[in-house]
Amino acid sequence: MHSLFRRAALGVSLITSAAIAAMAPARAAYPEHPITVIVPFVAGSNTDISARTVTTKLSEILHQPVIIDNRGGASGMIGAQVAARANPDGYTLLFGSSTTQSIIVSLFKTVPYDPLTDFASIARVGFAPMVLLVPAKSTVNSPTDLVKAIQAKGDGKASYGSSGSGSTPHLAGALLDKNASLKALHIPYETPSQGLTDLSNGTIDYMFYPPGPANGLISAGLIRPVAAVSPVRLPNLPNLPTMEQAGYPGFNLASSLGFYAPAKTPRAVIDTLYKAVSEALRDPTVQAAAEKAGMLISPLSPTDTDKATADEIAMYRNLIAISGAQQQ
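1. Considering the sheet that holds strand E3 (residues 92-97)
- With mixed pairing, six strands are arranged side by side in an open sheet as E2-E1-E3-E10-E4-E11. Of all the strands in the sheet, the pair left with one neighbour each is strand E2 (66-70) and strand E11 (296-300). Across the sheet, the axes of successive neighbouring strands diverge by a mean angle of 25°, strand direction being ignored.
- In this structure, strand E4 (residues 119-128) lies alongside strand E10 (residues 255-262), joined through eight bridges in antiparallel fashion. Bridge pairing links serine 121 to tyrosine 260 in E10.
- Where helix H3 (residues 77-84) meets the sheet, its contacts fall on strand E1 (35-39), E3, E4 and E10, and the angle it forms with E3 comes to roughly 145°.

Here you go:
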């Protein structure tokens, strides 16, 4: 009798548990509300343009708004730190670059985050190659012409602009100084538009910068590209030789670009985002926009992005030492 009672009670318990489970709301599939992507540079910068090239399509794929939040300053460290400390739920991401994920650890004495341990890689999307730019009225038509012009001015008289200390444009200028035994004046700008404007009116002599943000001034005939800082010629500037082709071997500083999440973000969320980013990069509209922006699409998985970041850190540490750029 007692045995029958126990079996009946167990049956009621199982039915009750099943009923409660059925009434409990199912966990919503990620994402269920808008996603914020922190771009650690100002609006209009090359990193910003590249991020927007991908996130518009990403929003369509994920069926949620993907909102760009520009947090510029301190060579990208301000925005990257905000992203690193965000809730690891997949709703705050970083669109980082070589500057934020690789260069800063060798160029700055104090960095408020660790690129390898404070982030979970989602995907590398590609590279942002640069071009060597001069004012339209300049007589410089090649890197060799530029070196001769800088030497003719004398130490510290020629100047070049960058998007900030520690940025790849800054590092490219320092590397040219080292390779050609030059001493040019580095002028960091808070926004790329300021530097490009000063270049167009001849206030500075040259600037290494990605072609996307410079396209308007190039088309207007105010500045000219004379070489590409890229492993290959750029699709939208096929007649422009690379720095290596112009006689400067190893002069290749194309900045990597990618999506990162705070460490401890669930693997399922990372996988969902990687799949969506991969799909976005295959879209013909995104590919056309990337070419126009001067971005070379070259995707990597989360694991391969981790490895590429570690390799970049080692490469830039060596390159910074060779270039003579000072730790700040």
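2. Topic: the packing of helix H4 (residues 98-107) against helix H11 (residues 302-323)
- One can describe the packing of H4 onto H11 by two numbers: an axis separation of 8 Å at closest approach and a directional angle of 45°. Considered as vectors, H4 and H11 are oriented oblique to each other. Like other packed secondary-structure pairs, H4 and H11 cross with a definite hand, here right-handed. On the side of H4, the interface is formed by Ser98, Gln101, Ser102, Ile103, Val105, Ser106 and Leu107, while H11 contributes Thr309, Glu312, Ile313, Tyr316, Arg317 and Ile320.
- Looking at the contact of H4 with H11 residue by residue, the class counts come to six nonpolar, five polar and two charged.

3. A short note on the packing of aromatic side chains
- Across all of its chains, the model carries seven aromatic pairs by this definition.
- Between the aromatic rings of phenylalanine 119 and tyrosine 260, the centroid separation amounts to 6.3 Å while the plane-to-plane angle is 65°, which identifies the pairing as edge-to-face. Of this pair, phenylalanine 119 sits in strand E4 while tyrosine 260 sits in strand E10, and the two are 141 residues apart along the sequence. Like phenylalanine 119, the residue tyrosine 260 is buried in the burial classification.
- Each ring, one from tyrosine 160 and one from tyrosine 206, has its centre 5.4 Å from the other, and the planes form 25°; the classification is stacked. Taken together, the positions of tyrosine 160 in strand E6 (residues 159-162) and tyrosine 206 in strand E8 (residues 206-209) put the pair 46 residues apart, joining distant regions of the chain.
- Note on tyrosine 160: relative accessible area 2%, which makes it buried.
- Classification of tyrosine 206 as buried rests on a relative accessible area of 0%.
- Three or more aromatic residues joined by ring pairs make a cluster, and in this case those are Tyr160, Tyr206, Phe208 and Phe251.

4. Details of the sheet that holds E8
- With mixed pairing, the five strands of this open sheet are ordered in space as E7-E6-E8-E5-E9. Unpaired on one side and paired on the other, strand E7 (185-188) and strand E9 (223-229) mark the two borders of the sheet. Recorded for the sheet is a direction-independent mean angle of 25° between the axes of neighbouring strands.
- Bridge count for strand E5 (residues 130-135) against E9 is six bridges, and the pairing is antiparallel. In the strand pairing of E9, valine 134 is matched with arginine 224.

The rules behind these values
- Along each chain, numbering runs from 1 in the same order as the chain's sequence is written.
- Thresholds applied to this predicted model are a pLDDT of at least 70 for local features of residues and 80 or more for the giving and counting of side-chain atom pairs; totals over whole chains, interfaces and linings are not thresholded and use all residues.
- As a rule here, side-chain values come from all non-hydrogen atoms in the structure, and water together with hydrogens is ignored.
- What makes two strands pair is DSSP finding at least two bridges between them.
- Only DSSP runs of H or I covering at least 4 residues are called helices, and only runs of E covering at least 2 are called strands; the numbering of each starts at the N terminus.
- Note on method: axes are straight lines fitted to C-alpha atoms, helices fitted across the in-contact stretch only, with angles between N-to-C directions ranging 0 to 180 degrees.
- For this analysis, residues touch if any pair of their heavy atoms sits within 4.5 Å.
- Roughly parallel means an angle under 35 degrees; roughly antiparallel, over 145; roughly perpendicular, 65 to 115; everything else is oblique.
- Take the far helix as your reference; a near helix turned counterclockwise from it by less than a right angle gives a left-handed crossing, and one turned clockwise gives a right-handed crossing.
- Residue classes follow a fixed rule: Ala, Val, Leu, Ile, Met, Phe, Trp, Tyr, Cys and Pro count as nonpolar, while Asp, Glu, Lys and Arg count as charged, and any other residue, Gly among them, counts as polar.
- Stacked, edge-to-face and tilted are the three classes for Phe, Tyr and Trp ring pairs, Trp counted by its six-membered ring, which pair at centre distances within 6.5 Å; planes under 30 degrees apart are stacked, over 60 edge-to-face, the rest tilted.
- Burial classification: accessible surface area is computed with a 1.4 Å probe over protein chains only, and a residue below 20% of its type maximum counts as buried, one above 50% as exposed, and the rest as partly exposed.

Note that all results are geometric; they support no functional claim without further evidence.
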